[in-house]
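Structural description and commentary
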Amino acid sequence: MKFLVVSLLFILLLILPCSAQNKPDKPRDFTDGLLPFPRIVFLIPESIQDGWVTVEFENPKCKRLMFKDAVLELKIPNSGYLCSSNRLPIGLPDEEFYIVDKKRKRNAVKIREAIFEPQIEFIKEQNKETLVFKFFVRTRNRQN
């Protein structure tokens, strides 16, 4: 009997947070462990200079990234640097890269077309390790 009660409570604890989070208009945290792994969409401005793009995770000074309907959109600023207080998700997400023009039109690009050397690095500063996802972007003189 005790096992049945504990099992029912465990099931309720799993179901209730999921049902509360399934509201379509509410942005959600992608690291809460109860949601499917997100598709990560990198939105890179056409005006960005060729160079490294760095997305820093686990920085408490930065805002928390949210996703909607299992899609996390990372709007990369012209500086090429974006940070978040989220931890880097474990696993291999579906990644999509877009160059966004002045009219906000998204042009899909592939790795080795305008995106080069995607990598994850550990940066150690003041006895703290930070995870960064970085890649080289080339928007100038690329062939469409």
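Here we summarise the structure given alongside this text. (Residues numbered from 1 in each chain as written. Predicted model: local features only at pLDDT ≥ 70, side-chain atom pairs only at ≥ 80, totals over all residues. Heavy atoms only, no water.)

Another aspect to go through is the pattern of salt bridges. Proximity of charged atoms lets side chains of opposite charge pair with each other. Inspection of the entire model under this criterion finds 3 salt bridges. Notably, a salt bridge pairs Glu96 with Arg39, separated by 2.7 Å at the nearest N-O pair. With Glu96 in strand β7 (residues 94-100) and Arg39 in strand β2 (residues 39-45), this residue pair connects regions lying 57 residues apart in the sequence. Put simply, Lys134 and Glu121 hold a salt bridge, and the shortest N to O gap is 3.7 Å. In this pair, Lys134 is assigned in strand β10 (residues 128-137) and Glu121 in strand β9 (residues 115-125), connecting sequence segments 13 residues apart. (Salt bridge = Lys/Arg side-chain N within 4 Å of Asp/Glu carboxyl O. Helix = DSSP H or I, 4+ residues; strand = E, 2+ residues; numbered from the N terminus.)

Before going further, it helps to examine the nonpolar core. Of all hydrophobic cores here, the largest spans 21 residues; its most connected members are Phe42, Ile44, Leu74, Ile76, Phe135 and Val137. Elements with a contribution of two residues or more to this core: β2, β3 (51-57), β5 (71-75), β7 and β10. Not counting residues within four places of it along the chain, the set of residues in contact with Ile44 comprises Ile76, Phe97, Tyr98, Ile99, Val100, Ile115, Phe135 and Val137. (Core = buried A, V, L, I, M, F, W, Y, C linked by side-chain atoms within 4.5 Å. Buried < 20%, exposed > 50% of the residue type's maximum accessible area, 1.4 Å probe, protein only. Contact = heavy atoms within 4.5 Å.)

The subject of this paragraph is unusual backbone geometry. Although it is not a glycine, Glu58 adopts a positive phi angle of roughly 65°. Given a relative accessible area of 28%, Glu58 falls into the partly exposed group. Here Arg112, not a glycine, exhibits a phi torsion of approximately 80°, which is positive. Its location among the elements puts Arg112 in the loop between β8 (106-109) and β9.

What follows concerns the environment of Phe136. Mapped onto the elements, Phe136 comes out in strand β10. Among the residues examined, Phe136 registers a relative accessible area of 26% and is labelled partly exposed. C-alpha of Phe136 to C-alpha of Ile115: the two residues are 21 residues apart in sequence and 5.7 Å apart in space. Setting aside chain neighbours within four positions, we find Phe136 in contact with Asp50, Gly51, Trp52, Ala114, Ile115 and Phe116.

In this section: the environment of Glu113. Tracing the backbone through its elements, the reader meets Glu113 in the loop between β8 and β9. With 25 residues separating them along the chain, Glu113 and Arg138 place their C-alpha atoms 8.3 Å apart.

Counting buried positions along β10 gives 7 out of 10 residues, so the element sits mostly inside the fold. Relative to β10, β9 is paired through 9 bridges, and the arrangement is antiparallel. The partner of Ile123 across the bridge, within β10, is Thr130. Linking β9 back to β10 in an antiparallel pair, the connection comprises 2 residues, with Gln126 at a positive phi of about 50°. (Pairing = 2+ DSSP bridges.)

Interpretation in functional terms is not warranted from these geometric data alone.
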